[in-house]
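Analysis of the macromolecular model
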Amino acid sequence: MRIYDIINKKKRGEALTTEEINFAVAGFTQGEIPDYQISALLMAICLRSMNAAETTALTMAMVASGETVALSPLGATTVDKHSTGGVGDKTTLAVVPIVAACGVPIAKMSGRGLGYTGGTIDKLEAIPGFRTAIPPTEFMQIVKTHGLCIVGQSANLAPADKKLYALRDVTATVDSIPLIAASIMSKKIAAGASAILLDVKTGSGAFMKTPEDARALARTMVEIGKGCGRKTAALITDMSTPLGNTIGNSLELQEVTNFLKGEKTEKNLSDLCIALAENMLILAGKPASKSSALDMVKEAISTGRALQKLKEMIKAQGGDPNYAPPIAPHVATVTAPKSGYLTQTDTESIGISVMLLGAGRERPEDKIDYLAGIVLKINPYDYVKEGQPIAELHTSNEKIIPEATEKFLSSLTLSSEAIPPSPLIYEKIE
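Residues numbered from 1 in each chain as written. Predicted model: local features only at pLDDT ≥ 70, side-chain atom pairs only at ≥ 80, totals over all residues. Heavy atoms only, no water.

1. Digging into the overall build of the protein
- Counting its secondary structure elements, the protein contains 16 helices and 13 strands.
- Taken against the 2.2 N^0.38 rule, which gives 22 Å for 430 residues, the C-alpha radius of gyration of the protein at 22 Å falls within 12% of a compact globule.
- The dimensions of the protein, computed from C-alpha atoms along their principal axes, are 70 × 45 × 40 Å.
- Counting across all 430 residues of the protein, residues that qualify as buried make up 55%.
- Of all intrachain contacts in the protein linking residues separated by at least 6 positions in sequence, the fraction that spans at least 24 positions is 78%.
- Working note: accessible area of the protein is about 17,900 Å², and carbon and sulfur atoms make up 53% of it.
- Separation of charge centres in the protein, based on 44 positive and 46 negative side chains, amounts to 4 Å. (Helix = DSSP H or I, 4+ residues; strand = E, 2+ residues; numbered from the N terminus. Rg over C-alpha atoms; globule rule 2.2 N^0.38 Å. Buried < 20%, exposed > 50% of the residue type's maximum accessible area, 1.4 Å probe, protein only. Contact = heavy atoms within 4.5 Å. Areas by Shrake-Rupley, 256 points an atom, 1.4 Å probe, with all protein chains shown as cover. Lys, Arg positive; Asp, Glu negative; His and termini not counted. Charge placed at Lys NZ, Arg CZ, Asp CG, Glu CD.)

Printed below as a string of structure tokens:
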């Protein structure tokens, strides 16, 4: 078997066999096939696409390139969730303790943020002493004892994906649905959960800007999950505005804590967290019906059991369960430049303004200012008056405030007429 023939076959638009895909992925991972040939194959896939069988085979080849996590010792159905990323997406911090409080164990591996998308691990590491690098035996013991644990993704989990993504990033082959889907699902499959819920974002702050593209990605990932023997479903959700009223690691952590305390929270955050938790319970087979799943979620929040689960996890992983983040050294108030309805936000630009303040990374090695971020004082589609405070910018770098303020204001559209809000959840795919 030759990689040249595999490249040529895909260039002609023909379907590759599982053996051919395994040969290419294993050869590249082991250093036997050079970058330039795999780059050519990636471009051929980007232009010619892959069918469901090929995409599943690619996913499993990437899973086989490294270690896998066995969650069977937990003795129960385990469920995982994945979000395709967005601005202010703090749902994992809320949803995991809710689901665990309902009796479904969560052994979760999460990632760090890059660019304007915030990573769950970064938010948790804002808590002094919190450990995200935990040996496998301790990881499993924490889940057995407390029902939940969130750790950083192991470097040995689907290492082929990391190598392939590095090539995709520099060869203009990132925006291929089969490649995106295989990349995401290889890590989810390797992480061992028997059920997977996908939160596929669409809108100005999402990678998939249109519902049609998000739907195509969701369907592909659900097909992969089912093809790999995992119960899988996806929700297409809105990312045309930030989730909640905070963006930034410590700020988002505090907002999640307030939500789990039962305090009023921006509806796009609270409603989505409840929907995600409900659907995770349904996938795990915990409730007898959809209505009982919703009842379980609301009861876990109202009784304080979900908040207690979050505190248990924080303590078990070395953090202070009662930690209250301090305010950043510099806080600047942004006011509305004119009166009008907030009819549109360039959510990606808001994310970039947060990154400028220090809450995100441009490069993997960049350090994060955990106290940096934005607190929104208005909600999407609100009417605001000229001069009204609309946001607070938090940072340790006072010099960046003017640039971040300009970027933030450029992301807002104020109009004389109101518009109806986008749906929070477009549809469910299963």
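Now that the structure is up, let's keep going.
2. Examining the pairing of strand β9 (residues 373-376)
- Residues of β9 alternate between two faces, with Gly 373 and Val 375 on one and Ile 374 and Leu 376 on the opposite face, all of them buried.
- For strand β6 (residues 246-247) and β9, the ladder comprises two bridges, and the chain directions are antiparallel. What sits directly across from Ile 247, in β9, is Ile 374.
- Pairing of β9 with strand β11 (residues 389-395) involves four bridges; the strand directions are antiparallel. Within the sheet, the bridge partner assigned to Val 375 lies in β11 and is Glu 392. (Pairing = 2+ DSSP bridges.)

3. Notes on the packing of helix α15 (residues 347-357) against helix α16 (residues 401-410)
- Remark: α15 packs on α16, axes separated minimally by 8 Å, with the N-to-C direction vectors making an angle of 170°. Regarding the angle of α15 to α16, the classification is roughly antiparallel. Between α15 and α16, the residues in contact are Ser 349, Ile 350, Ile 352, Ser 353, Leu 356 and Leu 357 and Glu 403, Ala 404, Lys 407 and Phe 408, respectively.
- Grouping the constituent residues of the contact of α15 with α16 by class yields six nonpolar, two polar and two charged. (Axes fitted to C-alpha atoms, helices over the stretch in contact; angles between N-to-C directions. Parallel < 35°, antiparallel > 145°, perpendicular 65-115°, else oblique. Nonpolar A, V, L, I, M, F, W, Y, C, P; charged D, E, K, R; others polar.)

4. What to know about the packing of aromatic side chains
- Counted according to the given criterion, the structure contains one aromatic pair.
- An angle of 65° between the planes, with centres 5.0 Å apart, marks the rings of Tyr 341 and Tyr 383 as edge-to-face. Taken as a pair, Tyr 341 in strand β8 (residues 340-345) and Tyr 383 in strand β10 (residues 383-384) lie far apart in primary sequence, 42 residues in all.
- You can call Tyr 341 partly exposed: its relative accessible area is 27%.
- A relative accessible area of 44% means that Tyr 383 is categorised as partly exposed. (Phe/Tyr/Trp six-rings, centres within 6.5 Å; stacked < 30°, edge-to-face > 60°.)

5. As for the sheet that holds β10
- Ordered in space as β10-β8-β12, the three strands form an open sheet in which the pairing is antiparallel. The open sheet has two free edges, formed respectively by β10 and β12 (412-415), since each of these has just one partner strand.
- Note that β8 and β10 share two bridges and pair antiparallel. Residue pairing for β10: Gly 340 is matched across the bridge by Val 384.

6. Digging into the pattern of salt bridges
- Following the criterion strictly, the structure yields 19 salt bridges and no others.
- Taking the shortest distance from any N to any O, the salt bridge between Asp 199 and Lys 201 comes out at 2.8 Å. No difference in accessibility class separates Asp 199 from Lys 201, as the two residues are buried.
- Each of Asp 80, Lys 108 and Lys 188 takes part in a single network of salt bridges with overlapping partners. (Salt bridge = Lys/Arg side-chain N within 4 Å of Asp/Glu carboxyl O.)

7. Brief notes about the nonpolar core
- Judged by nonpolar contacts, the single largest core of 70 residues is most densely connected at Val 79, Ile 98, Val 99, Ile 374 and Phe 408.
- Of the residues forming this core, the biggest block, 10 residues, is contributed by helix α12 (residues 267-284).
- Ignoring any residue separated from it by four or fewer positions in sequence, one finds Ile 98 in contact with Phe 259, Leu 260, Ala 277, Val 297, Ala 300, Ile 301 and Ala 306.
- Judged by nonpolar contacts, the second largest core, of 36 residues, contains Val 143, Cys 149, Ala 191 and Leu 198. (Core = buried A, V, L, I, M, F, W, Y, C linked by side-chain atoms within 4.5 Å.)

Shape is all these values report; function is a separate question.
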